[in-house]
Amino acid sequence: IDERFIEGRRRHVLEEFHKLQALNTNKSTILIVGAGFIGVEWATEIDYFFPEVKLTIIDALPRALGPLPDSAAEYCSAYMHATGIKEFYDC
């Protein structure tokens, strides 16, 4: 797939969607390594669009979203906890 062109990008997005859809159907578990901006965004979006997938997010830092203010990290952590995303830090 050549993602330099819109058709290649569209096909790639559809392939990834179908992979996640299969994981959702099978009620699979996904481990996300890294709780920075992208890891937290990825975890929460998968949880929202594919609710049958069980998620765990881990990071070497003591909390999610390391460079952000504590209030932002606490907000995200509370949201992930409320939606059932397991969190492990200082790993």
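Relevant structure appears above.
Being a predicted model, the structure only gives us computed values, none of them experimental. (Residues numbered from 1 in each chain as written. Predicted model: local features only at pLDDT ≥ 70, side-chain atom pairs only at ≥ 80, totals over all residues. Heavy atoms only, no water.)

Caption draft 1: Region of interest: the packing of aromatic side chains. Under the defined criterion, the tally for this structure stands at two aromatic pairs. Geometrically, the ring pair formed by Phe17 and Phe50 is tilted, given 5.8 Å between the ring centres and 50° between the ring planes. Linking Phe17 in helix H1 (residues 6–25) with Phe50 in the loop between helix H2 (37–49) and strand E2 (54–58), this pair joins segments that are 33 residues apart in sequence. According to the relative accessible area criterion, Phe17 is partly exposed, its value standing at 36%. Under the relative-accessibility criterion, Phe50 is labelled buried at 9%. Summarising the aromatic geometry, the rings of Tyr48 and Phe49 are spaced 4.9 Å apart at their centres and angled 85° between planes, so their arrangement reads as edge-to-face. Of the two residues examined, Tyr48 and Phe49, each falls in the exposed class. (Phe/Tyr/Trp six-rings, centres within 6.5 Å; stacked < 30°, edge-to-face > 60°. Helix = DSSP H or I, 4+ residues; strand = E, 2+ residues; numbered from the N terminus. Buried < 20%, exposed > 50% of the residue type's maximum accessible area, 1.4 Å probe, protein only.)

Caption draft 2: View of the pattern of salt bridges. Inspection of the entire model under this criterion finds six salt bridges. Asp70 is paired through a salt bridge with Arg63; the nearest N and O atoms lie 3.2 Å apart. On the basis of relative accessible area, Arg63 is assigned to the partly exposed category, the value being 24%. (Salt bridge = Lys/Arg side-chain N within 4 Å of Asp/Glu carboxyl O.)

Caption draft 3: Representation of unusual backbone geometry within the structure. In this structure, Lys27 is a non-glycine residue whose phi angle is positive, near 55°. Relative to the helices and strands, Lys27 resides in the loop between H1 and strand E1 (29–33). Overall, Lys27 belongs to the partly exposed group, its relative accessible area being 49%. Phi angles above zero are rare outside glycine, and Asp90 is one such case at about 60°.

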